[in-house]
Amino acid sequence: MTPDAKILSALRAHPAGVPGAQLAEVLGISRAAIWSRIEELRRLDYDIQAGPHSGYRLVRSPDVLHADDLVARLGRTRVVGRDIQVFEQTASTNDVVEKLARDGVREGAVVFAESQSKGRGRLGRRWISPARKGLWFSVLLRPQLRPPEATQLTIVSATALRRAIQAVTGLKPDIKWPNDILIGGKKVAGILTELSAEVDRIRHILLGIGVDVNLDAAELPAELRQTATSLKQEGGQMVCRAELAVAILRALDEDYARLNAGRFPAVADEWEAHCVTIGKNVTVLMGDRTVRGRAESLDDDGSLLVRTEHGRLERIIGGDVTLEK
Ligand code: BTN
């Protein structure tokens, strides 16, 4: 952890305040150095008050994503979030993480951007990523899976994302196969899983996650207002993005550990319990092919099993699913 991360971590652990001398001792630097770091944090809009008895006290954190702050809030994880970077703007965080992957960076690295100029969604769609309104980030993973098993990771991420959103906001999100997060039938978050693989081995996976956090309806393109929403619109109040970001990384870390420990079936059960696709009549578009039928269940590898109108069972591993009323 950097000194700033350690200071923020200590201030959060002691809401009533920490004496400068104690911070200096814990960090192993002088009180003057602590004072200069606190000044720098204040310049970043952290409201840190200093009292003669209480010492330094964190009163308010700004609505910005700050790597040191995310590290301090997250604490130690097994894999996800071992390294966190925040960009003010980038084309797409998936591209940044792809480069890290090619440079041999170890799994667990996470890149956030406050805004993206070329955010992309599944099936070549554009992903609107306005500054400081959402969470736009990508995670580098190197799972021990074969390429056909990659859908498991999609299921793992949707399960973690749903649970974290519920824990932080109290809202009750649903999952639409494979990994859209809906609230009240409208999409609030999505995951773009990009894969680099050899025939029998995944080299790396980029999990690109977009969450519409504090967008107002007017900030969504008109054509999306019927089908998309934000956590702020649904819950009626602003959501702290840093708190949500950390909750998502922690949940992802937990569920990735469950996957690696051979406990994918437990994750799949949780996924199915919150999935609005199972039991519904669906239309699935896969390139120029259309499958219509009833979504019966999830297969062991995370693919969707659809019973067609002709009674055949189809395994769906990708595509655009529409739920019929
Ligand atoms: C979808 O539902 O279509 C997936 C949306 C994924 C959006 C995220 S935002 C961060 C990352 N970078 C991108 O360009 N896309 C993903």
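A quick note: this is a predicted structure, and the numbers were derived from the prediction, not measured.

Draft legend 1. Region of the structure containing the domain arrangement of the chain. Partitioning the chain into structural domains gives domain 1 (3-60), domain 2 (67-273) and domain 3 (281-323). For domain 1 versus domain 3, the separation of C-alpha centres amounts to 55 Å.

Draft legend 2. How the structure looks around the site of the ligand. By nearness alone, 20 residues border the ligand, and Ser92, Gln116, Arg120, Arg122 and Lys187 come closest of all. With respect to the ligand, the side chain of serine 92 contributes an N or O atom lying 2.7 Å from an oxygen atom. At 3.2 Å from a nitrogen atom of the ligand is found a side-chain nitrogen or oxygen belonging to threonine 93. For the ligand, whose unbound accessible area comes to 410 Å², protein coverage reaches 98%. Elements with a contribution of two residues or more to the shell around the ligand: α5 (93-102), β5 (134-141), β8 (186-197) and β9 (202-212).

Draft legend 3. How the structure looks around the pairing of strand β12 (residues 304-308). Within β12, four of the five residues are buried, which leaves it mostly tucked inside the rest of the structure. Here five bridges tie strand β11 (residues 289-298) to β12, and the two strands are oriented antiparallel to one another. By the bridge assignment for β12, arginine 294 is matched with arginine 307. As consecutive antiparallel partners, β11 and β12 are separated by five residues, and within that stretch glycine 302 has a phi angle of approximately 95 degrees, a positive value. When β12 meets strand β13 (residues 313-316), the two strands line up antiparallel, connected through four bridges. Bridged to arginine 307 within β13 is leucine 313. Between β12 and β13, which pair antiparallel one after the other, the connecting turn spans four residues, and glycine 311 there sits at a positive phi close to 85 degrees.

Draft legend 4. Structural view of the sheet that holds β11. The strand order β13-β12-β11-β10-β14 describes an open sheet built from five strands, whose pairing is antiparallel. Two strands bound the open sheet, and with one partner strand each, they are β13 and β14 (320-323). Between one strand and the next, the sheet's axes are offset by a mean angle of 45 degrees, whatever the strand orientation.

Draft legend 5. Region of interest: unusual backbone geometry. In this structure, proline 178 follows tryptophan 177 across a cis peptide bond, with omega equal to 0 degrees. One can find proline 178 in the loop between β6 (174-176) and β7 (180-183). Even without being a glycine, aspartate 45 presents a positive backbone phi close to 85 degrees. Here aspartate 45 shows up in the loop between α3 (31-43) and β1 (47-51). In this structure aspartate 45 comes out as partly exposed when scored by relative accessible area, which is 46%. Of note in this structure, arginine 132 is not a glycine but carries a positive phi near 65 degrees. By the element assignment, arginine 132 lies in the loop between β4 (109-116) and β5. The exposure class assigned to arginine 132 is partly exposed, which follows from its relative accessible area of 30%.

Draft legend 6. Molecular detail of the nonpolar core. Counting residues in each nonpolar core, the largest one holds 63 residues, and the members touching the most others are Phe112, Leu135, Val211 and Leu231. For this core, the domains that each give at least three residues are domain 2 (67-273) and domain 3 (281-323). Not counting residues up to four positions away in its chain, the partners in contact with phenylalanine 112 are Leu65, Leu70, Ile84, Gln85, Val86, Phe87, Thr93, Leu135, Trp136, Phe137, Ala245 and Leu249. With 17 residues, the next largest nonpolar core counts Leu41, Ile48, Tyr56 and Leu58 among its residues.

Draft legend 7. Main features of helix α9 (residues 264-273). Every buried residue belonging to α9 is among Phe264, Val267, Ala268, Glu270 and Trp271, and all of these are buried. Along α9, the residues classed as buried sweep out an arc of 160 degrees about the axis, all on the same side. α9 presents Pro265, Asp269 and Ala273 as exposed residues on the side facing more than 90 degrees away from its buried surface.

Draft legend 8. Highlighting the sheet that holds β8. Judged by pairing direction, the sheet is mixed, and its seven strands sit side by side in the order β3-β4-β5-β9-β8-β7-β6 without closing on themselves. The open sheet terminates on both sides in strands that have one partner only, identified here as β3 (83-90) and β6. For this sheet, the mean angle separating the axes of adjacent strands, direction not counted, is 20 degrees. Examined bridge by bridge, β3 and β4 share seven bridges and lie parallel to one another. Across the sheet, residue valine 86 finds its bridge partner in β4, namely phenylalanine 112. Strands in contact with helix α8 (residues 241-260) are β3, β4, β5 and β9; relative to β5, the strand with the most contacts, it is inclined by about 25 degrees.

Draft legend 9. Spatial organisation of the packing of aromatic side chains. The tally for this structure, following the rule as stated, stands at one aromatic pair. Relative to phenylalanine 137, the ring of phenylalanine 112 lies with its centre 4.7 Å away and its plane at 25 degrees, an arrangement referred to as stacked. With phenylalanine 112 in strand β4 and phenylalanine 137 in strand β5, the pair connects residues that are 25 residues apart, well separated along the chain. Note on phenylalanine 112: relative accessible area 0%, which makes it buried.

What counts as what
- The numbering scheme is per chain: residues are counted from 1 as the chain's sequence reads.
- Under the rules for a predicted model, residues below a pLDDT of 70 receive no local features and side-chain atom pairs below 80 are neither given nor counted, while totals for whole chains, interfaces and linings still include all residues.
- With hydrogens and water set aside, each side-chain value is computed from the structure's full complement of heavy atoms.
- For the domain bounds, the source is a domain assignment made automatically or taken from a database.
- Whether a residue is near a molecule or strand depends on its heavy atoms: it is near if one of them lies within 4 Å of it.
- Residues adjacent in sequence count toward polar contacts only when both atoms are side-chain atoms; beyond that, a polar contact is any pair of N or O atoms within 3.5 Å, and within protein one must be able to donate a hydrogen and the other to accept it.
- Only the protein chains shown count as cover for residues, and all accessible areas are computed by the Shrake-Rupley method using a 1.4 Å probe.
- Helix and strand assignments come from DSSP, with helices taken as H or I runs of at least 4 residues and strands as E runs of at least 2, each series counted from the N terminus.
- Each residue's exposure class comes from its accessible area (1.4 Å probe, protein chains only) as a fraction of the maximum for that residue type: buried when under 20%, exposed when over 50%, partly exposed otherwise.
- By definition, two strands form a pair when at least two bridges between them are found by DSSP.
- Only the stretch in contact is used when a helix axis is fitted, and all axes are lines through C-alpha atoms; the angle between N-to-C directions ranges over 0 to 180 degrees.
- In this description, a nonpolar core means a group of buried Ala, Val, Leu, Ile, Met, Phe, Trp, Tyr and Cys residues linked to one another through side-chain atoms lying within 4.5 Å.
- In what follows, residue pairs with any heavy atoms lying within 4.5 Å of each other are defined as contacts.
- The reported arc concerns the directions from the helix axis to the C-beta atoms and nothing else.
- Between 30 and 60 degrees the pair is tilted, below 30 it is stacked and above 60 it is edge-to-face, where a pair is any two Phe, Tyr or Trp rings, Trp via its six-membered ring, whose centres lie within 6.5 Å.

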